[in-house]
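Below, each chain spelled out in residue letters.
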Amino acid sequence: MSTSGRGLSPGQYEWLQRKLKGFALSPEAWISTLMNYGVAAEYLTGHATACPVCGGDDRFTYDNRSGRGDWVCRKCNDGYPMAGDGLQLITRVNRIGLFRLMRELDGGSPPPASRAAQVNAPGPKRKADPAFVEKRLNGMWRDAQPQAVGDLSMRYLHERVPRLTAVPSSSLRLGMLEYRHEKRLLGKWPGILARFELPDGRLGTLHRTFLDPVKPAKATIVSADGELLDAKLNDMTLNPLAGGAVRLMQPVDGEIGVGEGLETVYGAHMETGVPVWNCLNRVLLSKFVVPEGLGIKVVHVFMDFDHVDPKTGQSPGVAAGMALAKRLRAEGYTVVPHRPRVRGTDFADQWKARFTASHESALTTRRATNVSPVAVAV
Ligand SMILES: [Zn+2]
């Protein structure tokens with residue numbers, strides 16, 4: 001590489017030459033040094049990528065061919081090819097001189113936050129401004145349509161919970177929702193927005209279930225790296241979520257049921273007839289707080305019958321449900337815990353299995369009446 005010593009004193013120049021001569025890094029240390037200086041890992045795979053200096057597409061390859069952090073770019077020299085070593089890459093990405101870079105590396109100190117590093121390095125998660133979150137959530141809610149008979153959200157729920165009799169819920173809406181992953185917009189999908197409210201009625205978050213635009217199923221969302229992403233997730237949190245629920249139905253005769261998922265609680269509703277709320281997950285289920293002013297005296301806890309976690313020796317869903325039951329009883333409520341019959345299932349599974357079985361037995365009965373004696377003998 002060029003070791004231009006523009007602007008250096010003879011002493012500095014001599015120091016620099018000496019340091020460069022003795023400078024060596026392992027392949028791993030090259031990667032971490034480059035990353036410390038803002039060259040993202042995606043550029044350092046050994047395959048053709050965009051260039052961290054001149055951008056473009058498919059023009060840069062980091063190959064560390066001579067063990068000096070070597071790279072080549074087809075366009076980096078005013079549109080012509082250029083090759084260099086890792087130190088040169090750092091100076092180009094950060095627009096700093098080689099002397100300054102070698103002083104930093106020689107000192108063994110981490111690089112002062114260079115411009116590129118500030119831009120590229122993922123920082124600690126910054127807490128979003130509550131005013132921004134409130135505006136975002138309210139905007140999403142406002143732009144979405146109230147759930148309606150026969151819409152995609154209802155068709156999805158009917159697919160998961162056959163013969164669902166629940167009417168559209170005022171706490172659910174159907175919207176076109178953006179899916180972002182690692183700050184990148186992957187696209188828009190139709191999705192169910194579920195309004196998660198705290199015991200005092202304030203909004204906690206909007207939970208989103210992204211749906212396939214055509215068939216009543218969850219959306220298949222894949223990241224740029226080919227990773228299959230979760231189709232169900234919360235949006236930003238406006239207020240801490242502990243204690244809240246998605247209030248899908250009105251309590252009836254002072255009774256409400258809670259569980260840890262939309263389909264699960266609708267399945268539980270079909271199994272028992274109890275009006276249900278969704279606490280989203282088992283941790284939030286265990287923290288559920290009965291809101292005042294609604295006359296609720298009886299709480300049904302619909303647990304997921306998860307397989308035993310070998311670390312705790314417990315079924316996580318059952319443990320969370322029983323923790324809630326214990327606390328609510330201590331607070332004076334009547335609590336009715338419910339557990340699916342089969343381990344590894346939830347109430348959506350149980351309801352669907354019952355529906356399928358009854359459907360099949362009805363079919364079998366119908367067939368049996370028409371069946372020939374020969375077939376019966378078989
Ligand atoms: Zn380039």
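Sequence order as written defines residue numbering, which begins from 1 separately in each chain. Confidence filtering applies because this is a predicted model: local features only for residues at pLDDT of at least 70, side-chain atom pairs given and counted only at 80 or more, and all residues used for totals across whole chains, interfaces and linings. The side-chain values count all of the structure's non-hydrogen atoms but skip hydrogen atoms and water molecules.

Engineer: It is not clear to me how the pattern of salt bridges should be interpreted in this structure. Could you clarify?
Structural biologist: Between Lys or Arg on one side and Asp or Glu on the other, a salt bridge is scored when a side-chain nitrogen of the former is within 4 Å of a carboxyl oxygen of the latter. Considering all chains together, one arrives at 11 salt bridges under this definition. A salt bridge links Arg 160 to Glu 263, with the nearest nitrogen and oxygen atoms 3.5 Å apart. In this pair, Arg 160 is assigned in helix 7 (residues 152-160) and Glu 263 in helix 8 (residues 262-272), connecting sequence segments 103 residues apart. One connected set of salt bridges, linked through shared partners, spans Arg 136, Arg 208 and Asp 235. Helical segments are the DSSP runs of H or I of at least four residues, strand segments are the runs of E of at least two, and each set is numbered from the N terminus.

Engineer: Just to check I follow, could you spell out unusual backbone geometry for this structure?
Structural biologist: In most cases, non-glycine residues show a negative phi, while peptide bonds are predominantly trans. Positive phi, normally seen in glycine, also occurs at Asn 64, with a value near 45°. Note on placement: Asn 64 falls in the loop between strand 2 (55-62) and strand 3 (71-77). Per-residue accessibility, obtained with a 1.4 Å probe over protein chains only, is compared with the maximum for each type, and a residue is labelled buried under 20%, exposed over 50%, and partly exposed between these values. Asn 64 gets classed as buried once you look at its relative accessible area, which sits at 14%. Although it is not a glycine, Arg 95 sits at a positive phi angle of roughly 50°.

Engineer: What's the story with the pairing of strand 15 (residues 298-302) in this structure? I'm lost.
Structural biologist: Strand residues, when the strand is regular, have side chains that alternate between the two faces of the sheet. Taking burial as the measure, the 5 residues of strand 15 include 5 buried ones, the bulk of the element. Residues Val 298, His 300 and Phe 302 of strand 15 are buried on one face, and the alternating residues Val 299 and Val 301, pointing to the opposite face, are buried as well. Strand pairing is assigned whenever DSSP identifies at least 2 bridges connecting the two strands. As paired elements, strand 15 and strand 16 (residues 334-338) share 5 bridges and run parallel to each other. Among the inter-strand pairings, Val 299 is bridged to a residue of strand 16, identified as Val 335. Crossovers are marked right-handed if the path from the first strand over the helix to the second runs clockwise, as seen with the strands pointing away from the viewer. In this region the chain leaves strand 15, passes through helix 10 (residues 316-330) and returns to the parallel neighbour strand 16; the handedness of that crossover is right-handed.

Engineer: What am I meant to see in the side chain of Thr 49 here?
Structural biologist: Topologically, Thr 49 is positioned in strand 1 (residues 49-51). When its relative accessible area of 13% is taken as the criterion, Thr 49 is described as buried. Residue contacts for Thr 49: discarding those within four places in its chain leaves Glu 42, Tyr 43, Asp 57, Asp 58, Arg 59 and Phe 60. Contacts are assigned to residue pairs with any non-hydrogen atoms lying within 4.5 Å of each other.

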